[in-house]
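# Observations on the model geometry
What follows is each chain in one-letter form.
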Amino acid sequence: MLIRRERTGDAAAIDAVHRSAFAATYASATGNASATAVHTPVDPPEVALVRLLREDSAWMPTLSMVVEQHDDVVGHVCLTRAAVGPFPVLSLGPIGVRTDHQAGGVGSALMHAVLGAADALDEPVVGLLGSLGYYPRFGFLPGVRLGITPDEPEWTSHFQVRALSAYDPEITGDFRYAEPFYEL
Ligand SMILES: CC(C)(COP(=O)(O)OP(=O)(O)OC[C@H]1O[C@@H](n2cnc3c(N)ncnc32)[C@H](O)[C@@H]1OP(=O)(O)O)[C@@H](O)C(=O)NCCC(=O)NCCS
């Protein structure tokens, strides 16, 4: 597996990754198993989210990464600029792996790569909304434990943060995502 930064020309393949990854998520969430087997008429919102983020000032080209296998893009993750009060931080997401490549280590490889890159860039904190069963293995803990909470209170239960080497305990308060996260 090859992990590299997103390049010009990857957008359609990245759309396809999230279309595959999140269609399955929404199908299982609604109990509609057949939705994974037939054409999904409406894209999951994560497809549009990545496109909007790419056009936003919060986009960080150095931190949008894909996994390539046999010249095929099978996974994608991006970190974008976010803020905790006056402190610039990062948000992670979406992350997606094509359903035909899940549970083979692709998602973990993307997580390690993008967190390592953020750490090397001296970013202090990464926040995300996600499964409490998946992200703690990458060092994420509930945001409330570091005094960082999302500015949408209903997100608090699944909001997690990862402190990187440049973490400063003064970074506390409301976590604000890039605007596209609020537009979906
Ligand atoms: C979540 C996702 C990115 C993980 O990538 P992956 O390549 O399948 O994961 P890996 O092979 O690296 O890791 C597999 C492990 O993750 C766990 N896992 C995968 N999705 C999970 C989830 N939603 N909740 C909890 N654990 C999850 C598996 O149970 C497995 O655990 P194990 O190592 O203890 O057996 C991928 O499954 C995906 O795209 N899912 C659909 C989209 C999604 O939910 N994105 C995240 C939104 S927060």
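Let us look at the structure shown here. (Residues numbered from 1 in each chain as written. Predicted model: local features only at pLDDT ≥ 70, side-chain atom pairs only at ≥ 80, totals over all residues. Heavy atoms only, no water.)

### A few points about helix α3 (residues 106-120)
Here α3 is 15 residues long and its end C-alpha atoms lie 21 Å apart, about the 21 Å a rise of 1.5 Å per residue gives. A positive backbone phi angle near 65° is found at D122, which sits one or two residues after α3. (Helix = DSSP H or I, 4+ residues; strand = E, 2+ residues; numbered from the N terminus. Expected span 1.5 Å × (residues − 1).)

### A short note on the nonpolar core
Across soluble globular proteins, nonpolar side chains have a tendency to be buried as a group. Core analysis: the biggest nonpolar cluster contains 24 residues, and L79, L92, M111, V126 and F140 have the highest contact counts within it. Listing elements by their share of this core, those giving two or more residues are β2 (59-69), β3 (72-84), β4 (87-97), α3 and β5 (125-129). Per element, the largest residue contribution to this core is seven residues, and it comes from α3. Sequence-distant contacts of L79, that is, excluding residues within four places in its chain, are made with M60, L63, L90, S91, L92, V114, A118 and V126. (Core = buried A, V, L, I, M, F, W, Y, C linked by side-chain atoms within 4.5 Å. Buried < 20%, exposed > 50% of the residue type's maximum accessible area, 1.4 Å probe, protein only. Contact = heavy atoms within 4.5 Å.)

### Quick word on the pattern of salt bridges
Per the stated rule, a full pass over the model turns up 11 salt bridges. Between R4 and D10 there is a salt bridge whose closest N-O contact spans 2.8 Å. Taken as a pair, R4 and D10 share a single burial class, namely buried. The salt bridge partner of R81 is E123, with a shortest N-O separation of 2.8 Å. Of this pair, R81 sits in strand β3 while E123 sits in the loop between α3 and β5, and the two are 42 residues apart along the sequence. (Salt bridge = Lys/Arg side-chain N within 4 Å of Asp/Glu carboxyl O.)

### Looking at the site of the ligand
Not every one of the 20 residues close to the ligand is listed here, only the nearest: V97, A103, G105, G107 and S108. Backbone polar atom of I95 to a nitrogen atom of the ligand: 3.0 Å apart, as the coordinates give it. The side chain of Q102 places a nitrogen or oxygen atom 3.4 Å from an oxygen atom of the ligand. Going through the elements one at a time, α1 (11-30), β4 and α3 are the ones with two or more residues in the shell around the ligand. Residues that form the shell around the ligand fall into these classes: nine nonpolar, 10 polar and one charged. (Near = heavy atom within 4 Å. Polar contact = N/O pair within 3.5 Å; in protein donor to acceptor, adjacent residues only side chain to side chain. Nonpolar A, V, L, I, M, F, W, Y, C, P; charged D, E, K, R; others polar.)

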